[in-house]
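Listed here are the chains, written in short residue letters.
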Amino acid sequence: MQQGRTTISKFLIEQLRGSEDQSDLAALLIDVTAAVKAIASMTAKGALGGFLGSLGTENVQGETQKKLDVLSNDAMIQACEWGGLVAGMASEEMDDPYTLPKEFERGPYLLVFDPLDGSSNIDVNVSVGTIFSVLRHGKIGDPTVADYLRPGVEQVAAGYAIYGPSTMMVLTVGKGTHGFTLDREIGNFILTHPDLQIPADTVEYAINSSNERFWEPPVQRYVAECKAGKTGDRGRDFNTRWIASMVADVHRILMRGGIFMYPKDAKDPSKPGRLRLMYEANPIAFIIEQAGGAASTGRGRILTVQPTSLHQRVPVMLGSRNEIERLERYHREYDSGEDKPFASPLFKDRSLYNDDVRA
Ligand code: AHG
Ligand code: MN
Ligand code: MN
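Quick caveat: nothing in here was measured; it's all calculated off a predicted structure. (Residues numbered from 1 in each chain as written. Chains lettered and ligands numbered in written order. Predicted model: local features only at pLDDT ≥ 70, side-chain atom pairs only at ≥ 80, totals over all residues. Heavy atoms only, no water.)

S.K.: It is not clear to me how the site of ligand 1 should be interpreted in this structure. Could you clarify?
M.R.: Close to ligand 1 lie 18 residues; D117, G118, S119, M246 and Y262 are nearest. E92 places a polar side-chain atom, nitrogen or oxygen, 2.9 Å from an oxygen atom of ligand 1. Taking N208, its side chain carries an N or O atom lying 3.0 Å from an oxygen atom of ligand 1. Summarising the interface, the protein chains cover 87% of the accessible area of ligand 1, which totals 470 Å² for the free molecule. When contributions to the shell around ligand 1 are tallied by element, the ones reaching two or more residues are strand 4 (109-117), strand 12 (259-262) and strand 13 (275-276). Element by element, the count of residues in the shell around ligand 1 is highest for strand 4, at three residues. Summarising the domain contributions, the shell around ligand 1 has at least three residues from each of domain 1 (8-193) and domain 2 (204-347). (Near = heavy atom within 4 Å. Polar contact = N/O pair within 3.5 Å; in protein donor to acceptor, adjacent residues only side chain to side chain. Areas by Shrake-Rupley, 256 points an atom, 1.4 Å probe, with all protein chains shown as cover. Helix = DSSP H or I, 4+ residues; strand = E, 2+ residues; numbered from the N terminus. Domains from an automatic or database assignment.)

Below is the structure:
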């Protein structure tokens, strides 16, 4: 190892020294890095590895599973089930929580994860990731589903890996958000991005605009104002990005600011959002808040949402604080009737939305 470099294990042991979670949490997170390295190796092989394509099966949310979704899920289970650190695991790719085999000791934590985020991007060689959240399991015996249903404020650690041109892990144990880059030659993650901070202001936003007609009016108002740019209320031009891997969009926001939105939409009224609370929204919200950003449903902090089911969905708006606060204000104004749809100056003055002009 080169002198002066901080490995992820050294960093975690130092960060957690003297805390209630001391060695167990560091050990669990190091087991997670083992799974991440295995997934990084599979994703990097691409078409040569024989891992691309779909399996023809569906997960509990009715999404077609890719081979790599399932292989990544297996990698996380194998890396974390044996060490006596978790009491159970739950993931996007398993209908019910995973019960550890009898021979393994039960540990103090619950691990919840999205083994491969952005998996629609696998076959087109665009960045994907892994997201994980660690909760305490305060009981003896195997956890029930109810034991997993803890709000995000109770997470003791959260993180993601991004499999991009380089593989990185970004994580928090509640003491800031820190980034590590995989040095493939030595097989270790090295601290490269300590204390990430998201600027409070930004001119960059990420949203899947094809859903625009299904959004709620406050989100339509926000995006319409961004699009109006210099000629509208905001008085400055904005820029959009959409990778369709939340991990990659969030990583960009941690590197240079911005906001990410996957709001509630009326496309499928049975779903209160696209992203899943327990293993997508909560861990990412923890990371974003620890980097000085904000993470909201539009109507409240994501981390205080009380989960009612393992795979529940939630509206997500996160990133640069001042923009997220603006979005929350637009929701408040809309809910209180202060800002009726099409009553904002933008909708009054701009021709596209103006009945008089359309008439
Ligand atoms: P997953 O691949 O784990 O199902 O998650 C995909 C998520 C998220 O990563 C991304 O931002 C969003 O879905 C993409 O949604 P669209 O297909 O609407 O672009
Ligand atoms: Mn995902
Ligand atoms: Mn996934």
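S.K.: Before we go on, may I ask you to explain the environment of T64 in this structure?
M.R.: Assignment of secondary structure puts T64 in strand 2 (residues 64-66). With 239 residues separating them along the chain, T64 and L303 place their C-alpha atoms 29 Å apart. Contacts of T64, omitting those with residues within four sequence positions, involve S54, T57, E58 and D69. (Contact = heavy atoms within 4.5 Å.)

S.K.: Help me understand the domain arrangement of the chain in this model?
M.R.: Many analyses report the size of an interface as the accessible area lost when the parts associate. Splitting the chain by domain gives domain 1 (8-193) and domain 2 (204-347). If you average the C-alpha positions of domain 1 and of domain 2, the two centres end up 25 Å apart. Counting residues at the interface gives 48 residues for domain 1 and 33 residues for domain 2. The tally of links between domain 1 and domain 2 comes to one salt bridge. As a salt-bridge pair, R276 and E92 come within 3.4 Å of each other at their nearest N and O atoms. Our enumeration of links across domain 1 and domain 2 arrives at 16 residue pairs in polar contact (both at pLDDT 80 or more). (Salt bridge = Lys/Arg side-chain N within 4 Å of Asp/Glu carboxyl O.)

S.K.: Please clarify how unusual backbone geometry should be interpreted in this entry.
M.R.: Excluding glycine, a negative phi dihedral is what most residues carry, and trans is how most peptide bonds are arranged. The phi dihedral of D195 falls on the positive side, at around 50°, and the residue is not glycine. The phi dihedral of A244 is positive, around 75°, even though this residue is not glycine. Following the sequence through the fold, A244 ends up in the loop between strand 11 (239-240) and helix 6 (246-256). Given the relative accessible area of 36%, A244 is considered partly exposed. (Buried < 20%, exposed > 50% of the residue type's maximum accessible area, 1.4 Å probe, protein only.)

S.K.: Any chance you could explain the environment of S320 here in plain terms?
M.R.: Locating S320 in the fold gives a position in the loop between strand 16 (316-319) and helix 8 (321-335). What makes S320 buried here is its relative accessible area of 0%. Along the chain, S320 and R256 lie 64 residues apart, while their C-alpha atoms are 9.7 Å from each other. Not counting chain neighbours up to four residues away, the residues in contact with S320 comprise I198, P199, A200, D201, T202, G257, G258 and I259. Polar contacts involving the side chain of S320 include one to the main-chain carbonyl oxygen of P199, which spans 2.8 Å.

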